[in-house]
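Structure at a glance
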Amino acid sequence: MIREEILQLLRSDQAFREELRRQLLTEDLLALPARFDQLTEVVRELAEAVHNLAQAQQRTEEVLRRQGEQIERNSEQIRALIEAQRRTEEVLRRQGEQIERNSEQIQALIEAQQRTEEVLRRQGEQIERNSEQIRAFIEAQQRTEEVLRRQGEQIERNSQQIQALIEAQCRTDAAIQSLTEAQQRTEAALRETQLELRALVNWQRGEAGRRDGEQYERETLRRAFVLFNGGQGGSPEQLAIQQQLGEWLKPLLRQGSIDLKPDQDPFLADLIWWKGERVAVVEISTQVNGYDVYRAVNRAETLRQAGVQAFPVVIGKEWANEESQRQAYNERVEWKVGADLSDGFLAFRQAASP
C-alpha cells in the first residue's frame, strides 16, 4: 500500500519528485548537468579558437609556431578533458549502482512496512481480545466482591456463634480435664502391656524362624545326595568331614599356624560336598541374604588357597532381596534358591560321580 502511494506521488507531485531526487542524489550529481553545459561551451569556444589559429597559420610562420604551441596546449587540455570525462562516467556508473541499491533498500523498507502493518493489525486484534477478557474479569471481580461481602456477613454471624461455643467449651474443659487424667493413667498401663506383648511376639517369631531354619538345614543336609545327584560329603560337624577338611588344609598348615576368622573358616560351613576334585562350600538359609553369600565366598577361598578346586554355593527357599541375588551373580556364587538353579549348580549336579 505504501509502495503505491509513493509511485502515485512520483507521477503527480513535482515537488515530491524534486525532494526525492535531492534525498537520493548527492550534491555533486545534482550539479553535474550544469558542469556538462559549461564543458560544452568551453569545447565550442576551443573549436572556434582552433579554427582561427588554423587561418592565422597561413599568414606568418611565427603565428603558426605560436598556434602550434597553442594547439599542443589545447591537445593536453583535451586529453585532460577526456580523462575528466572518463572519471565522470565512472562516477556516474557508481552513482547508478548506488541508486539501484537504494531502490532495493526502498523496496525492502516497503515490505518491512507491510509486515509491520500486519503485526500491528494482529496486535490490535489481540488488544481487542484482551479488552474483552479484562471486561469479563471486572465483572467476575464484582461478583467476587459481592460473594465476599456476603461471606463477611456470614463470618460475623459465625464469630458470634463461635464465641458462644467457646464459652460453653470452657465450661466443659474442667470436666474433660479430670477425664483426661484418668485416660492418661489408663493409656500408660496399656502401653506397658503392649510392650510386654510385643516382646513376647518377637521372641516367638524369632524362635519360629530359628526352628524353621534349623529344620530346613537338617532337611537339606539329609537330601544333599539327591540335590547334587551323587557325590559325597556332609556337615563339618561330622568327624569324617572334619578329617577331610584337615587333609585339604595341610598345605596351609605347613606354612605355619593359620588364624582364620569365622567367616573364612570352612569348618563352620553348613555343608561340604564334592565330586572328584571339585568341592562345593555351601551356606544354607531359608532366606538367602548377602551375608550368606559373603561367608560362602570367603570359606571357599580358604580352600582354594590350599590348592582345592572349591567353589561357593548358597541354598535356600527364597532370596532375602534382589540385591542379594545380584551380589551372588557378581561374586560368581552358584545357587539353588527355591526351584531356581544357577548354571554352575546345574553343571555340578549333572557331573558324574567318580
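As a reminder, the structure under discussion sits directly above these lines.
Here the structure is a predicted model, which is why all the values come from computation and not from measurement.

We now examine the overall build of the protein chain. Of regular secondary structure, the protein chain possesses 10 helices and six strands. The buried share among the 354 residues of the protein chain stands at 22%. Taking all contacts inside the protein chain whose residues are at least 6 apart in sequence as the whole, residues at least 24 apart take part in 61%. When the accessible surface of the protein chain is summed, it comes to about 25,300 Å², and 52% of that surface belongs to carbon and sulfur atoms.

What follows concerns the pattern of salt bridges. Following the criterion strictly, the structure yields 25 salt bridges and no others. One salt bridge in this structure joins Arg 65 and Glu 62, with 2.2 Å as the shortest N-O distance. In this pair, Arg 65 and Glu 62 both sit in helix α4 (residues 61–222), three residues apart, roughly one turn of the helix. Given the relative accessible area of 35%, Glu 62 is considered partly exposed. In this structure, Arg 304 engages Glu 301 in a salt bridge whose closest nitrogen and oxygen atoms are separated by 2.8 Å. Of this pair, Arg 304 and Glu 301 both sit in helix α8 (residues 290–305), separated by three residues, roughly a single helical turn.

Formed by 15 residues in total, the largest nonpolar core has its most connected members in Trp 248, Ile 272, Val 279, Val 281, Leu 303 and Ala 310. Ranked by residue count, the leading element in this core is helix α6 (residues 239–248), at three residues. Membership of the second largest hydrophobic core comes to 14 residues, among which are Ala 224, Phe 311, Val 313 and Phe 348.

It is worth spelling out the packing of aromatic side chains at this point. In total, this model carries seven aromatic pairs according to the counting rule given. When the ring of Phe 228 is compared with that of Phe 348, the centres are 5.7 Å apart and the planes differ by 80°; the resulting orientation is edge-to-face. Residue Phe 228 is located in the loop between α5 (224–227) and β1 (232–234), and its partner Phe 348 is located in helix α10 (residues 343–350); the two are separated by 120 residues in the primary sequence. Each member of the pair, Phe 228 as well as Phe 348, carries the same accessibility label: buried.

Where burial is concerned, the two faces of strand β5 (residues 334–337) agree: the one with Glu 334 and Lys 336 and the one with Trp 335 and Val 337 are both buried. Sheet topology places strand β4 (residues 309–319) next to β5; four bridges connect them, and they run parallel. Counterpart to Val 314 in the pairing with β5 is Trp 335. For the handedness criterion, the β-α-β arrangement of β4, helix α9 (residues 322–330) and β5 is classed as right-handed. The pairing of β5 with strand β6 (residues 340–341) spans two bridges and is antiparallel.

Burial runs high along strand β3 (residues 278–288): eight of the 11 residues are buried. Sheet analysis places strand β2 (residues 271–275) next to β3, joined by five bridges and oriented antiparallel. Residue pairing for β3: Lys 275 is matched across the bridge by Arg 278. Where β2 hands over to β3, the hairpin turn is made up of two residues, of which Gly 276 adopts a positive phi near 60°. As paired elements, β3 and β4 share 10 bridges and run parallel to each other. Bridge pairing in β4 places Val 279 opposite Ala 310.

With that settled, consider the packing of α8 against α9. Between α8 and α9, whose axes approach to 8 Å, the crossing angle comes to 20°. When the axis of α8 is compared with that of α9, the two are roughly parallel. Between α8 and α9 lies a crossing of right-handed hand. Note on element contacts: α9 touches α8 through Ser 324, Gln 327 and Ala 328, opposite Gly 290, Val 293 and Tyr 294. A breakdown of the residues in the contact of α8 with α9 according to their chemical character gives three nonpolar, three polar and no charged.

The rules behind these values
- Residues numbered from 1 in each chain as written.
- Predicted model: local features only at pLDDT ≥ 70, side-chain atom pairs only at ≥ 80, totals over all residues.
- Heavy atoms only, no water.
- Helix = DSSP H or I, 4+ residues; strand = E, 2+ residues; numbered from the N terminus.
- Buried < 20%, exposed > 50% of the residue type's maximum accessible area, 1.4 Å probe, protein only.
- Contact = heavy atoms within 4.5 Å.
- Areas by Shrake-Rupley, 256 points an atom, 1.4 Å probe, with all protein chains shown as cover.
- Salt bridge = Lys/Arg side-chain N within 4 Å of Asp/Glu carboxyl O.
- Core = buried A, V, L, I, M, F, W, Y, C linked by side-chain atoms within 4.5 Å.
- Phe/Tyr/Trp six-rings, centres within 6.5 Å; stacked < 30°, edge-to-face > 60°.
- Pairing = 2+ DSSP bridges.
- Right-handed = clockwise from strand over helix to strand, strands pointing away.
- Axes fitted to C-alpha atoms, helices over the stretch in contact; angles between N-to-C directions.
- Parallel < 35°, antiparallel > 145°, perpendicular 65-115°, else oblique.
- Left-handed = near helix turned anticlockwise from the far one by under 90°.
- Nonpolar A, V, L, I, M, F, W, Y, C, P; charged D, E, K, R; others polar.

It is worth stressing that arrangement in space is one thing and function is another; only the former is reported here.
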